[in-house]
Amino acid sequence: MRSSLKFFMALAIAFVVMLAFRALVMTVCTVDGKGLEPIFQAGDHVVVNRWSYGLRTGEKGSLFDYGRICRQEVRKGDFIAFEDSLGEVLICRCAGVPGDTIFNHIVPGVVNCAGQNYYWVESLGKNNAVDSYQLGFIPEERIIGRACLILYNHDPSAAFWKGYMKDRVLLLP
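Residues numbered from 1 in each chain as written. Predicted model: local features only at pLDDT ≥ 70, side-chain atom pairs only at ≥ 80, totals over all residues. Heavy atoms only, no water.

Caption draft 1: Structural detail: the side chain of asparagine 153. Mapped onto the elements of the fold, asparagine 153 is located in strand E11 (residues 143-153). Given a relative accessible area of 2%, asparagine 153 falls into the buried group. Looking at asparagine 153, its side chain comes within polar contact range of the side chain of aspartate 44, at 2.6 Å. Excluding residues within four positions of it along the chain, asparagine 153 makes contact with Gln41, Ala42, Gly43, Asp44, Gly163, Tyr164, Met165 and Arg168. (Helix = DSSP H or I, 4+ residues; strand = E, 2+ residues; numbered from the N terminus. Buried < 20%, exposed > 50% of the residue type's maximum accessible area, 1.4 Å probe, protein only. Polar contact = N/O pair within 3.5 Å; in protein donor to acceptor, adjacent residues only side chain to side chain. Contact = heavy atoms within 4.5 Å.)

Right, here's the structure in full:
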């Protein structure tokens, strides 16, 4: 009886540690579109480092105000994971940081809006691209972290044991 209790306690502790690791340190996101080809392809499972820009604490409208522990600046060219207004996680390349001036034919102006931290993100290709042309400026509190590693690629339309691409395992973007 004791050995089974020890086993379940060890299993429960391992589960809690795994949940804490995914919530605080790193998480895995799946690329759905083709807007970041050739670097990211549809079906890529990407590791997102939640500590790369500082750990997010609180949110607007919650008990705790938004903040970041060990805050780091987002750099141009970083592939960032962020939540859109519907809560879906997207990955795009950061093309403008606060203080930059964006010159294009759709939204000219300064990225730094009303003294707050807003970012301009762009996709690499225009096939199925979702970026700041459609979403507008991305506030800092929606940024989750930096995409740092492609774990593997699996074709979502293939069976579980098929559809893996051997050349897309453990790649750095």
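Caption draft 2: Representation of the packing of aromatic side chains. Counted under the stated rule, the structure contains three aromatic pairs. For the pair phenylalanine 40 and phenylalanine 79, a centre-to-centre distance of 5.2 Å together with 85 degrees between the ring planes defines the contact as edge-to-face. A residue pair is termed long-range when its members are at least 10 positions apart, and phenylalanine 40 in the loop between strand E1 (26-30) and strand E2 (44-49) and phenylalanine 79 in strand E5 (residues 79-83) qualify at 39 residues. Each member of the pair, phenylalanine 40 together with phenylalanine 79, is buried. Seen from their ring centres, tryptophan 120 and phenylalanine 137 are 5.5 Å apart, and the 65 degrees between their planes marks the pair as edge-to-face. Within this pair, whereas tryptophan 120 is found in strand E9 (residues 118-122), its partner phenylalanine 137 is found in the loop between helix H2 (132-135) and strand E10 (138-139), the two being separated by 17 residues in sequence. (Phe/Tyr/Trp six-rings, centres within 6.5 Å; stacked < 30°, edge-to-face > 60°.)

Caption draft 3: Looking closely at the pairing of E9. Across the five residues that make up E9, a large majority, four, are buried. One ladder, built from three bridges, connects strand E6 (residues 89-96) with E9; its direction is antiparallel. If you follow cysteine 94 over to E9, its bridge partner there is valine 121. Where E9 and E10 come together, two bridges link them in antiparallel fashion. Bridge pairing in E10 links tyrosine 118 to proline 139. (Pairing = 2+ DSSP bridges.)

Caption draft 4: Structural context of the side chain of aspartate 44. Inspection of the secondary structure assignment puts aspartate 44 in strand E2. Apart from the residues within four sequence positions on either side, aspartate 44 is in contact with Cys29, Thr30, Val31, Ile39, Ile150, Tyr152, Asn153 and Arg168.

Caption draft 5: Highlighting a nonpolar patch on the surface. Together, Leu5, Met9, Ile13 and Val17 make up an exposed nonpolar region whose accessible area comes to about 410 Å². Mapped onto the elements of the fold, valine 17 is located in helix H1 (residues 2-24). (Patch = residues over 30% accessible without salt bridge, like charges linked within 9 Å, V, L, I, M, F, W, Y side chains within 5 Å. Areas by Shrake-Rupley, 256 points an atom, 1.4 Å probe, with all protein chains shown as cover. Salt bridge = Lys/Arg side-chain N within 4 Å of Asp/Glu carboxyl O.)

Caption draft 6: Inspection of the environment of tyrosine 152 at higher detail. Its location among the elements puts tyrosine 152 in strand E11. Judged by its relative accessible area of 29%, tyrosine 152 falls in the partly exposed class. Among all residues touching tyrosine 152, those that are not within four sequence positions of it are Gly43, Asp44, His45, Tyr164, Arg168 and Val169.

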